[in-house]
Amino acid sequence: MASAASNIPGPARHDSQGIPMHAPGRRLTTATNPHKDIHPVPEKSHVGPDIEAYKAAHSDTVGPHSDAWWAQQARDNLTWIKDFSIVRTGGFPSAEELKEDNPNPPSTLPITWFPDGALNACYNCVDRHAFKNPDLTAIIYEADEPGEHQYITYGMLLNEVCRVANVLKDMGVKKGDTVTIYLPMTWQAAAAFLACARIGAIHSAVFAGFSAESLRDRILDCGSTVLITADEGRRGGRSVATKVIADQALKECGDANPVKHVLVLSRTGSKTVAEQHFTPGRDVWWHEAVSNVPSYCPPEVMNSEDGLFILYTSGSTGKPKGILHTTGGYLLGALLTVKYVFDVHPGDKFACMADIGWITGHTYIIYGPLSLGTTTTFFESTPVYPSPSRYWETVSKHGLTQFYSSPTAVRLLRKLGHQHVQDHDLSSLRVLGSVGEPINPEAWNWFNEHVGKGECAIVDTFWQTETGSIIVTPLPGAIETKPGSATVPFFGIETEIVDSMSGKPLEGDNIEGVLCIKKPWPSIARTIWGDHKRFIDTYLRPYPGYYFTGDGAGRDEHGYIWIKGRVDDVINVSGHRMSTAEVESALLLHNGVAETAVIGTADEMTGQAVNAFVTMKPEFSYDSAIEPALIKELVLQVRKIIGPFAAPKRIFIVSDLPKTRSGKIIRRILRKIVAGEGDQLGDLSSVAEPEIVDVIKQKVADSMSA
């Protein structure tokens, strides 16, 4: 990637043709954005005071001389049981190495970091901080009901982790075994993760919103002998039948069921579960089991490259991919990104509002903050329960200093109005972050103005389950930000934007291609559980010599990176390529639009056509009789902002969009409905409000027949 310019100008007001940057008549290329405002850096931070400081720091972390930097970071930030003498081995295979007749195929050229070193992830996350200050708050547990919260100290966490570890050992779990965790967002989930790490077991966390079928598939794939779950979960004022779903999953495993023991957390104290869904001899209550074991368990000595966890992510084949992360490199990546991306200092209270069932929860709720010895947050509820002020009440109550959430959540809260923010004291906040998908500039600006009050750094982060930790991001104190841009590579990351067809690097600025990474970094996944060939074919074979992120990206005139979304979320209309995020951003400029999801569908004339689903703000009232006129207005807006080729073929105005419980829009459902495959939607258990799917089906059917 071309380095960012050293002297970024102030906010541009006109383009080269004299058109104001925000004017509706400005035509944009796919590598530009209508919001070019540049926001200054904070005065106090770990990196700074400007981009030159970032460049100098970044140069030490890449290239053949960078081993010394990584060795120092690993020794300064982690506690090693056995020191390492080798920093790293391996790399991304070349085209020659990927040939079928190669006598040394890529599977024999592993990527490793600190391969002869030994440590324990749990010791690094708990023991060393508990020994230093046992009364320091490790976890703020904000339960579903606003009046219920707990502060869990490092001393308390160490005690619970050791007891759970001893329970697992009594159940026969050994180093290298797998344990499946199917828990709601309770603080005990951290104890379950860390107990596995303590004894050398590999944990496989499954999002508690997944169906019995999804849980079954993951248990069978990794062969867990122990399942950790709860009687019920709580979310948005409602109970979730967690244990009932778990029982169904185990039943569906049939004769192949590897699970011999189920450890059950009593979250709600459900009598129904206790009386009807508890199998004596297999099921054991968490609170009873931990009361019968010693309060200390020595940590297992783990090689840096020993497995830490498996996390399943969707695959194009329909079979989930079990991404394997190892111990030393992953832990270092998690720790450093929390420290530098979120500018964490002693005494901070870090809050990531994700779920522990996803990689964001693994890295930025558990392993990153706790390895750094800071206070982390478990948020069990939703942004709107019991009111749209819930996030901001939580920030004010606990004095949170960093706040990390999804663009979807920000857009939802923007839709509901800033009046829910303004009456809460958010002065403790210093850094706001977004994760999960590119954040549109309108949401970015709302986040900045109404939550950050124009005084917080905003970090728009890009990373994946496979990367383990953030790889492209602004750094507070060094990088001036642009709404919608992920900006620059993190330490140790060398990005390359390559031509999607030829695989050759694209030089210069104002270009667009696919985003690749040149060299391995510590937290990169090592393989897909039980299928290393699939790992090679998915991430390393498409562009030999690189790691392929699967995302399109642009580089602007200042060298900043703009993530365009998954390559399969790029729409090609009559040869014009555009990202769905770009069209969504154009629609959101309308003063009545609250949220939108854009998809591409097959079109006989143009190859693909743009289809958009739009929700309107509550205060934007209109008569249904004028809906055709409103749709025409929205189409014209996209034509004006991007160009005629981007005009949506259809716009569906709906009351809501299908989302997961974590707030992410499920676009595959929209694609199938528009494609006439509404009867082939598959498992809808992850949809937070399933009834909205039928509403959208009817809307699309009515529109198509009109």
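All values derive from a computational prediction rather than experimental measurement.

Draft legend 1. The arrangement of the layout of surface pockets in detail. Roughly 340 Å³ of internal volume is contained in the second largest pocket. Taken together, 16 residues form the lining of the second largest pocket, with Leu136, Pro346, Leu372, Gly373 and Thr374 sitting closest to its centre. Within the lining of the second largest pocket, the residues separate by chemical class into 4 nonpolar, 8 polar and 4 charged.

Draft legend 2. Main features of the packing of helix H4 (residues 154–170) against helix H5 (residues 188–199). Close contact between H4 and H5 brings their axes to 8 Å; oriented N to C, the two are set at 60 degrees. The pairing of H4 with H5 is recorded here as oblique in orientation. Relative to H5, H4 is oriented so that their crossing is right-handed. Here Leu157, Leu158, Glu160, Val161, Cys162, Val164, Ala165, Leu168 and Lys169 of H4 come into contact with H5, specifically with Ala191, Leu194, Ala195, Cys196, Arg198 and Ile199. Within the contact of H4 with H5, the residues separate by chemical class into 12 nonpolar, no polar and 3 charged.

Draft legend 3. Focus on the nonpolar core. In terms of nonpolar packing, the biggest core is built from 126 residues, with Leu157 and Tyr367 touching the most fellow members. If one sorts the elements of this core by residue count, H5 sits on top with 10 residues.

Draft legend 4. Structural view of the pairing of strand E25 (residues 561–566). Of all 6 residues making up E25, 5 are buried, and the element is well covered by its neighbours. Pairing analysis gives 5 bridges linking strand E24 (residues 547–555) to E25, with the strands arranged antiparallel. The residue bridging Gly554 from the neighbouring strand is Trp562, located in E25. Hairpin geometry of E24 and E25 is characterised by an intervening segment of 5 residues between the two adjacent antiparallel strands and by a positive phi of about 80 degrees at Gly559.

Draft legend 5. The sheet that holds strand E4 (residues 137–142), seen in detail. Strand order in the open sheet formed by 3 strands is E5-E4-E17, with mixed pairing between adjacent strands. Edge positions in the sheet fall to strand E5 (149–153) and strand E17 (376–379), since each has one partner strand and no second. Averaged over all neighbouring strand pairs, the angle between strand axes comes to 20 degrees, with direction disregarded. In terms of strand pairing, E4 meets E17 through 4 bridges, oriented parallel. In the sheet register, Ile140 faces E17, and the bridge partner there is Thr377. Against the sheet, H4 contacts E4 and E5, and its axis sits at roughly 80 degrees relative to E5.

Draft legend 6. Inspection of the UniProt feature "domain: Acetyl-coenzyme A synthetase N-terminal" (unreviewed entry) in the chain at higher detail. Mapped onto this structure's residue numbering, the UniProt feature "domain: Acetyl-coenzyme A synthetase N-terminal" (unreviewed entry) falls at residues 65–125. Helix and strand shares over residues 65–125 are 26% and 10% respectively, and the end C-alpha atoms of the span are 29 Å apart.

Draft legend 7. A look at the pairing of strand E14 (residues 307–313). With 7 of its 7 residues buried, E14 lies for the most part within the structure. Note: strand E7 (residues 202–205) against E14, 2 bridges, orientation parallel. Across the sheet, residue His203 finds its bridge partner in E14, namely Phe309. Direction of pairing for E14 relative to strand E15 (residues 321–326): antiparallel, over a ladder of 6 bridges. Counted as the bridge partner of Phe309 is His325 from E15.

Draft legend 8. Spatial organisation of empty space enclosed by the protein. Throughout the structure, instances matching the rule amount to 2 cavities of 30 Å³ or more. As a volume, the largest cavity reaches approximately 60 Å³. Along its surface, the largest cavity is lined by Trp70, Gly333, Leu336, Thr337, Ser469, Ile470, Phe490, Phe491, Ile493, Trp521, Pro522 and Ser523. Counted by class, the lining of the largest cavity contains 8 nonpolar, 4 polar and no charged residues. Empty space within the second largest cavity amounts to approximately 40 Å³. Forming the walls of the second largest cavity are Ala121, Ala197, Gly200, Ala201, Met302, Gly307, Leu308 and Thr327. Broken down by class, the residue content of the lining of the second largest cavity amounts to 5 nonpolar, 3 polar and no charged.

Calculation notes
- Residues numbered from 1 in each chain as written.
- Predicted model: local features only at pLDDT ≥ 70, side-chain atom pairs only at ≥ 80, totals over all residues.
- Heavy atoms only, no water.
- 1 Å grid on protein atoms, 1.4 Å probe; cavity = no way out; pocket = protein on both sides within 12 Å on 5 of 7 lines; lining within 4 Å.
- Points joined across faces, edges and corners; volume = space filled by probe spheres on them.
- Nonpolar A, V, L, I, M, F, W, Y, C, P; charged D, E, K, R; others polar.
- Axes fitted to C-alpha atoms, helices over the stretch in contact; angles between N-to-C directions.
- Helix = DSSP H or I, 4+ residues; strand = E, 2+ residues; numbered from the N terminus.
- Parallel < 35°, antiparallel > 145°, perpendicular 65-115°, else oblique.
- Left-handed = near helix turned anticlockwise from the far one by under 90°.
- Contact = heavy atoms within 4.5 Å.
- Core = buried A, V, L, I, M, F, W, Y, C linked by side-chain atoms within 4.5 Å.
- Buried < 20%, exposed > 50% of the residue type's maximum accessible area, 1.4 Å probe, protein only.
- Pairing = 2+ DSSP bridges.
- UniProt positions renumbered as here; feature names shortened; annotations may be inferred.

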